[in-house]
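Structural description and commentary
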Amino acid sequence: MKYGQIRKYDVANGPGIRTTFFISGCDRNCKNCFNRDYMDFNYGKTWNDESLKEVLSYLKLKEVEGLTILGGEPFESPEGLYDALVQIREETDKSIRIYSGFKFEVLNNFRLSRKILELIDVLVDGEFVEDLKDLKLKFRGSSNQRIIDVKKSLKYNNVILLDGYN
């Protein structure tokens, strides 16, 4: 798995101060994607033990509320994403959210994607749609995207939106 960048502090991609990393690679090609460079699967650096240590060191800071993973498309690198999440979960109980162009219902039907969902707290799902762009939306770019409470959704086998983002 490759990544485009790691941000120690990010306030744009989830509540509070978060650490973020951007996974490289995406075949979705959404119109006016804000991370076009990250669509290339070969862009950036290879995720390794040093990358993991860097992210974990940031997550240990008391001012950091959680981790957000974006792309590219995180679920197009499922093996690397899963391995990274397992290691991150061993070290922290801070919230983890992922942005994905894939819908929750699709991800939930694939074994490895389901295992990834079981390790996270929030999924912002759905492709960015330029015609549905709304700058007033919190932590999403277009109105078709949903902010999903993954733990509750898996428990009840139904999409449950995170309170306050309907």
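In this report, the structure presented in the accompanying data block is examined. (Residues numbered from 1 in each chain as written. Predicted model: local features only at pLDDT ≥ 70, side-chain atom pairs only at ≥ 80, totals over all residues. Heavy atoms only, no water.)

1. Focus on the overall build of the protein chain
Across its full length, the protein chain holds 5 helices and 7 strands. Helices and strands appear in the protein chain in the N-to-C order β-β-β-α-β-α-β-α-α-β-β-α. Against the 2.2 N^0.38 benchmark of 15 Å for 166 residues, the protein chain shows a C-alpha radius of gyration of 15 Å, consistent with a compact globule. Taken along the three principal axes of its C-alpha coordinates, the protein chain extends 40 × 35 × 30 Å. The 166 residues of the protein chain split such that 47% are buried. Sequence-distant contacts in the protein chain: of pairs separated by 6 or more residues, those separated by 24 or more amount to 63%. (Helix = DSSP H or I, 4+ residues; strand = E, 2+ residues; numbered from the N terminus. Rg over C-alpha atoms; globule rule 2.2 N^0.38 Å. Buried < 20%, exposed > 50% of the residue type's maximum accessible area, 1.4 Å probe, protein only. Contact = heavy atoms within 4.5 Å.)

2. Considering the pattern of salt bridges
Within the structure shown, the criterion is met by 7 salt bridges. Salt bridges linked by common partners bring Glu 105, Asp 125 and Arg 146 together as one network. (Salt bridge = Lys/Arg side-chain N within 4 Å of Asp/Glu carboxyl O.)

3. Here's the deal with the packing of aromatic side chains
Taken as a whole, this structure holds 2 aromatic pairs when the rule is applied. For the ring pair Tyr 3 and Trp 47, a centre distance of 5.7 Å and an interplane angle of 80 degrees mean the geometry is edge-to-face. Highlighted residues: Tyr 3 in strand E1 (residues 2-10) and Trp 47 in the loop between strand E3 (45-46) and helix H1 (49-59), separated in sequence by 44 residues. Each of the two residues, Tyr 3 as well as Trp 47, counts as buried. (Phe/Tyr/Trp six-rings, centres within 6.5 Å; stacked < 30°, edge-to-face > 60°.)

4. Points about the sheet that holds E1
The 7 strands lie next to each other as E3-E1-E2-E4-E5-E6-E7, forming an open sheet whose pairing is mixed. Looking at the sheet topology across the chains shown, the edges are occupied by E3 and strand E7 (146-149). Sheet analysis places strand E4 (residues 66-71) next to strand E5 (residues 95-100), joined by 4 bridges and oriented parallel. From the neighbouring strand, Leu 67 faces E5, where its bridge partner is Ile 96. (Pairing = 2+ DSSP bridges.)

None of this, on its own, says anything about what the molecule does.
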